[in-house]
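Examination of the molecular architecture
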Amino acid sequence: MMRALLTLAIFLTSLIASPMAVAAPSVASVQRDVDRLRTLAAEKYEAANEANIRIKQLERESVTLIAKEAILKEKLNASSEILARIAIANFQGHGFGKTIDLMFSADPTQYLSDASVLDIITRGYSQELQEFKRNKQKVEASRYVVSDKTALLKREKLRLNKEVASAKSALAKAEKLLKSLKKEDREKLAQQEAERENKILSDSKRFAANYAGDNSRGSIALKYALKQIGDIYVWAAAGPTRWDCSGLTMRAYQTAGVSLPHSSRIQVKYGKSISYNSLKPGDLLFFGKPISHVSMYMGGGKMVQAPRPGKRVEVVNLTKRFGSKPFVGARRL
């Protein structure tokens, strides 16, 4: 009896002293997580594309506003100078006092804030005074607008940095997962991924070779996209050998004479809406809520796309879900 109790005590002690070993993740589960993280990175990169476009737009608007403000300031200075000279002329005809100071002042405009000066000017020179007031109001309003644009620009740059950081974080997590595998498992996974991608590439080239098309705008854009089969995905890339999803569709439609922004979230605002059952080759397909992916319909239930980091431009089946992203609409340009 004592021996049995002693054996049980030793067993329980060993359980307490040594934590249970955690099972290493399987190759299949790591592959799923890596694919998910790379897809997440692509989503964040598309959000960054939109932020980039907004930043460039705000920068252009700010430059224009600053230039306009400079012109308004010149007009204000001209109005101010005219009023100052009018004030001098008026005081020369109304005795001395402040007149002497005004006449010999290096900056006669300082007297324009004096109520008595403005009263004299207003009686005979109301048009000039009103012009001065209008220019002053415009300059002040312009300063507020420029200040607002500057604040917006700052927020967009912060948003851009956040989205890029999130994308890089997802890719870093994917890389960490891969490194957590044993060497032989990493090699096995790499081989499986290469075999999978090579099959997709082979099938994609075959689909592309069989596409004849016509001279329509959508077909011209599609033919260009199909010529990029096998090129690798790189964020913010728009050719000639590297692409992200909206960079590919942007450049493809550029060859057909259509100008698009480098953002899936903004491209969805172009062209006209097309139902899922009325698709034609060249129609743009949008996925995700919010939109984070765009591809191009090829016909025959296929679409061409630059999907995410770790992938190449490919032709795949069109479904109403692209991974976890739902189909949200199509546009014809």
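Residues numbered from 1 in each chain as written. Predicted model: local features only at pLDDT ≥ 70, side-chain atom pairs only at ≥ 80, totals over all residues. Heavy atoms only, no water.

**Looking at the environment of valine 316**
- Within the fold, valine 316 resides in strand 7 (residues 314–317).
- It is 9.4 Å that separates the C-alpha atoms of valine 316 and phenylalanine 207, two residues lying 109 residues apart in sequence. (Helix = DSSP H or I, 4+ residues; strand = E, 2+ residues; numbered from the N terminus.)

**Re the environment of glutamate 43**
- Topologically, glutamate 43 is positioned in helix 2 (residues 27–92).
- Each C-alpha atom, one on glutamate 43 and one on isoleucine 291, is 8.3 Å from the other, the two residues being 248 residues apart in sequence.
- The residues touching glutamate 43, leaving out its near neighbours within four places in the chain, are Arg265, Ser292 and Lys325. (Contact = heavy atoms within 4.5 Å.)

**Topic: the layout of surface pockets**
- Put simply, the largest pocket is a space of about 370 Å³.
- Among the elements of the structure, helix 2 and strand 7 are those that each provide at least two residues to the lining of the largest pocket.
- Among the elements that take part in the lining of the largest pocket, helix 2 stands out by supplying 5 residues, more than any other.
- Across the lining of the largest pocket, the residue classes break down as 5 nonpolar, 4 polar and 6 charged. (1 Å grid on protein atoms, 1.4 Å probe; cavity = no way out; pocket = protein on both sides within 12 Å on 5 of 7 lines; lining within 4 Å. Points joined across faces, edges and corners; volume = space filled by probe spheres on them. Nonpolar A, V, L, I, M, F, W, Y, C, P; charged D, E, K, R; others polar.)

**Some details on empty space enclosed by the protein**
- Applying the stated rule across the entire model yields 1 cavity of 30 Å³ or more.
- Estimates place the volume of the largest cavity at around 30 Å³.
- Sorting elements by how many residues they give to the lining of the largest cavity places helix 6 (residues 183–209) first, with 4 residues.
- For the lining of the largest cavity, a count of residues per class yields 3 nonpolar, 1 polar and 3 charged.

**Topic: the packing of aromatic side chains**
- Enumeration over the complete set of coordinates arrives at 5 aromatic pairs.
- Between tyrosine 45 and tryptophan 235, the ring centres sit 4.7 Å apart and the planes meet at 10°, which makes this aromatic pair stacked. Note that tyrosine 45 is positioned in helix 2 and tryptophan 235 in the loop between strand 1 (232–233) and strand 2 (242–243), a separation of 190 residues in sequence.
- In this structure tyrosine 45 comes out as buried when scored by relative accessible area, which is 7%.
- Seen from their ring centres, phenylalanine 287 and phenylalanine 322 are 5.9 Å apart, and the 55° between their planes marks the pair as tilted. Within this pair, whereas phenylalanine 287 is found in strand 4 (residues 284–287), its partner phenylalanine 322 is found in strand 8 (residues 321–322), the two being separated by 35 residues in sequence.
- A network of ring pairs unites the aromatic residues Tyr276, Phe287, Phe322 and Phe327 as a single cluster.
- Taking NZ or CZ as reference, lysine 320 lies 4.8 Å from the ring centre of tyrosine 276, over its face. (Phe/Tyr/Trp six-rings, centres within 6.5 Å; stacked < 30°, edge-to-face > 60°. Buried < 20%, exposed > 50% of the residue type's maximum accessible area, 1.4 Å probe, protein only. Lys NZ or Arg CZ within 6 Å of the ring centre and 35° of its normal.)

**Details of the side chain of glutamate 193**
- Mapped onto the secondary structure, glutamate 193 falls in helix 6.
- By relative accessible area, glutamate 193 is classed as buried at 14%.
- Apart from the residues within four sequence positions on either side, glutamate 193 is in contact with Gln31 and Arg38.

**Observations concerning the side chain of serine 263**
- As for its placement among the helices and strands, serine 263 is situated in the loop between helix 8 (245–254) and helix 9 (264–267).
- For serine 263, the side chain forms a polar contact with the main-chain nitrogen of arginine 265, separated by 3.3 Å.
- If near-sequence neighbours (up to four positions away) are discounted, serine 263 is found in contact with Glu46, Asn49, Glu50, Ile53 and Ser246. (Polar contact = N/O pair within 3.5 Å; in protein donor to acceptor, adjacent residues only side chain to side chain.)

**Comments concerning the pattern of salt bridges**
- Considering all chains together, one arrives at 18 salt bridges under this definition.
- Glutamate 193 is paired through a salt bridge with arginine 38; the nearest N and O atoms lie 2.9 Å apart. Of the two residues, glutamate 193 is situated in helix 6 and arginine 38 in helix 2; the sequence distance between them amounts to 155 residues.
- Where arginine 159 meets glutamate 50, a salt bridge forms, and the shortest distance between an N and an O atom there is 2.7 Å. Here the residue arginine 159 occupies a position in helix 5 (residues 126–180), and glutamate 50 occupies one in helix 2, the gap between them amounting to 109 residues.
- Here arginine 159 falls in the partly exposed class, since its relative accessible area comes to 23%.
- Note on glutamate 50: relative accessible area 15%, which makes it buried. (Salt bridge = Lys/Arg side-chain N within 4 Å of Asp/Glu carboxyl O.)

**Topic: the packing of helix 7 (residues 217–226) against helix 8**
- At a closest axis distance of 8 Å, the pairing of helix 7 and helix 8 adopts a crossing angle of 125°. Taken together, the axes of helix 7 and helix 8 are oblique relative to one another. The way helix 7 lies across helix 8 gives a crossing that is right-handed. Contacts between helix 7 and helix 8 involve Arg217, Gly218, Ala221, Tyr224 and Ala225 from the former and Leu248, Arg251, Ala252 and Tyr253 from the latter. (Axes fitted to C-alpha atoms, helices over the stretch in contact; angles between N-to-C directions. Parallel < 35°, antiparallel > 145°, perpendicular 65-115°, else oblique. Left-handed = near helix turned anticlockwise from the far one by under 90°.)

**Comments concerning helix 7**
- All of the buried residues in helix 7 are Gly218, Ser219, Ala221, Leu222, Ala225 and Leu226. Along the long axis of helix 7, the arc covered by the buried residues comes to 160°, so they all point the same way.
- Where helix 7 is buried, its residues contact helix 6, helix 8, strand 5 (293–299), strand 6 (302–305) and strand 7. (Arc of directions from axis to C-beta.)

**A short note on the confidence of the model for the chain**
- Looking at the chain, the pLDDT average stands at 82 and 78% of residues meet or exceed 70.
- For residues 15–22, every residue scores under 50 in pLDDT, and the model assigns this stretch 0 contacts once sequence neighbours within four places are set aside. (pLDDT = per-residue confidence, 0-100.)

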